[in-house]
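Coordinates in review
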Amino acid sequence: MNNTIRSHGPSPQRVLFQKPQVNLACSSSTRMWMVSVCAGLAILQSSMTDSFASLFVALAAVAGALLTELLIDNIALRRFILHGGSRETGLTGVYRDGSAVASALILTLLLPNQIHPLLAFLGSMFAMAVIKHSFGGLGCNWVNPALGAWLFIRFGWPGAFADALKDSSLALPGTLAPVIFEQEPLDIFWTSLLNKTIFSLTSSELPGGYIDLLVYSGPGIIAERGLLALLLGTIIITACRISRSWIPISYLGVYCLLVRAFGAFPVGGVLGGGDMLFGLLSGGTLVAAFILAADPSTGPKSRIGVLIITILGGVLSFVFRYWGFEPYGAFFAVVLLNALVPLFRYFETRIFYTGTSNEVSRGGVDVQP
């Protein structure tokens, strides 16, 4: 069996060492603005039931990101001019790629709707200055900037973060068993309709309370409060090939399988008694799967590397959330995987790249992402 790749097409070293965004069907700016639209829809849904508190958090986050980008851009432009460049050919259109707005809105999804907007402002500044630009700009960061900012706020102001979530029905122990909601009329109507139509075809029945999760209006992170809009947004960005669709599918498949099999154990349940729907619709799982884990700049380059780290993400998300009793264990799982990516990329270069332009040891594995 031939274990080399012929020289036609993109060379293997280009695949392994180029910036990750070039491997997607759309440009970086298109991806950023589409993700911004997806996040914005969820923020608007959340704002409708909290007197626009979610919107104020989002505006503060966007302001912090844009002001930081402006400051860094001006500093870089001055250095460029001092080294002989002209203002006309200098750095322009710094906001055009949409990365600052996208990072700010993703951060907003990860924050409680009742948190002080000033923390969102500071978090966005940290995301742009420390996570993005100190590592070389877009595509060079080791972790998603929004996720890095979330950690900054979570551990910098743990009391403020906890206070904003203290009355949430989706916090612990809700991550271990379904929350018993007092069904709203909307939930009763749609649950009954779905059971009489779609679920009747499979002789199954949807329990009450899950529709309420899609329009949850209590305290919680904004992603949970705008779940219906977020779900629609993820369908849009997946259909537009903003990211590789099989990444969130693999992640969620592993995660839901583990929730179903072992999710009831922490509360004394039995094997196979876990609630997959609740695990899927709470804890920021959809954000982690479709936006954070699918970020091309913080993952391996080869298909086998992406698959391994995606499966590992589903496993760690379950472990951190159900056995570690962390409501947002999925976010910590993605951070840990981002930290391991350099190790994955090292092994990718050792396995796939032999150092010549025309030969790559592949073992039957395609190195294209």
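Sequence order sets the numbering: in each chain, residues are counted from 1 along the sequence as written. In keeping with the model being predicted, local features are shown solely for residues with a pLDDT of at least 70 and side-chain atom pairs are shown and tallied solely at 80 or more, while totals for entire chains, interfaces and linings include all residues. Values shown for side chains rest on all heavy atoms present in the structure; no hydrogens or waters enter the calculation.

1. Concerning the overall build of the chain
- When helices and strands are tallied, the chain shows 16 helices and zero strands.
- With a 1.4 Å probe rolled over the protein chains alone, any residue whose accessible area is under 20% of its type maximum counts as buried; one over 50% counts as exposed, and the rest are partly exposed. In the chain, which comprises 369 residues, the share counted as buried stands at 50%.
- Here the contacts in the chain between residues at least 6 apart in sequence split such that 78% fall between residues at least 24 apart.
- Computed with the Shrake-Rupley method and a 1.4 Å probe, the accessible areas treat only the protein chains shown as cover for residues. By element, 67% of the accessible surface of the chain is carried by carbon and sulfur atoms, the whole surface being about 17,100 Å². Numbering of helices and strands starts at the N terminus; helices are DSSP runs of H or I of at least 4 residues and strands are runs of E of at least 2. Residue contacts are defined here by distance: any two heavy atoms, one from each residue, within 4.5 Å place the two residues in contact.

2. Some remarks on the layout of surface pockets
- Points on a 1 Å grid over protein atoms alone make up a cavity when a 1.4 Å probe fits among them but cannot get out, and a pocket when they form an open set with protein on both sides within 12 Å along at least five of seven lines; lining residues each have an atom within 4 Å of a point. Grid points are joined across faces, edges and corners, and a volume is the space filled by probe spheres set on the points. Estimates place the volume of the largest pocket at around 290 Å³.
- Along its surface, the largest pocket is lined by 13 residues, and Leu-194, Leu-206, Tyr-210, Ile-211 and Leu-214 are the ones closest to its centre.
- Secondary structure elements with two or more residues in the lining of the largest pocket: helix 8 (185-196), helix 9 (210-214), helix 11 (227-239) and helix 13 (276-281).
- Amino acid classes used here: Ala, Val, Leu, Ile, Met, Phe, Trp, Tyr, Cys and Pro are nonpolar; Asp, Glu, Lys and Arg are charged; the rest, including Gly, are polar. Among the residues making up the lining of the largest pocket, the classes are represented as 13 nonpolar, no polar and no charged.

3. Observations regarding helix 7 (residues 158-165)
- Within helix 7 the residues assigned to the buried category are Phe-161, Ala-164 and Leu-165. With its buried residues spanning 95° around the axis, helix 7 presents them on a single face.
- Packed against the buried residues of helix 7 are helix 4 (99-110) and helix 6 (145-156). The directions from the helix axis to the C-beta atoms form the arc being described.

4. A word on the packing of aromatic side chains
- The rule is short: rings of Phe, Tyr and Trp, with Trp giving its six-membered ring, pair when the centres are within 6.5 Å, and they are stacked under 30 degrees, edge-to-face over 60, tilted in between. Here the structure, examined in full by the defined rule, presents 10 aromatic pairs.
- With a centroid separation of 6.0 Å and 80° between ring planes, the pair formed by Trp-150 and Phe-161 is classed as edge-to-face. With Trp-150 in helix 6 and Phe-161 in helix 7, the pair connects residues that are 11 residues apart, well separated along the chain. Each member of the pair, Trp-150 as well as Phe-161, is classed as buried.
- Following the ring pairs from residue to residue traces out a cluster consisting of Trp-150, Phe-155, Phe-161, Tyr-328, Phe-331 and Phe-332.

5. Re the nonpolar core
- Buried residues of nine kinds, namely Ala, Val, Leu, Ile, Met, Phe, Trp, Tyr and Cys, make up a nonpolar core once their side-chain atoms join them within 4.5 Å. One finds Leu-109, Leu-111, Leu-147, Trp-150, Leu-230 and Phe-331 to be the most contacted residues of the largest nonpolar core, which totals 68 residues.
- Counting seven residues, the second largest nonpolar core, distinct from the first, contains Tyr-255, Cys-256, Leu-258 and Val-259.

6. What about helix 6?
- In this model, helix 6 (12 residues) spans 16 Å end to end at C-alpha, consistent with the 16 Å of a helix rising 1.5 Å per residue.
- A large share of helix 6 lies buried, amounting to nine of its 12 residues.
- Listing the buried residues of helix 6 in full gives Pro-145, Ala-146, Leu-147, Gly-148, Ala-149, Trp-150, Leu-151, Ile-153 and Arg-154.
- The N-cap of helix 6, judged by a side-chain oxygen 2.9 Å from the amide nitrogen of Ala-146 a few residues on, is Asn-144. A helix is expected to span 1.5 Å multiplied by its residue count minus one. Polar contacts, as used here, are pairs of N or O atoms within 3.5 Å; protein pairs need one atom able to donate a hydrogen and one able to accept it. Residues neighboring in sequence count only if both atoms are side-chain atoms.

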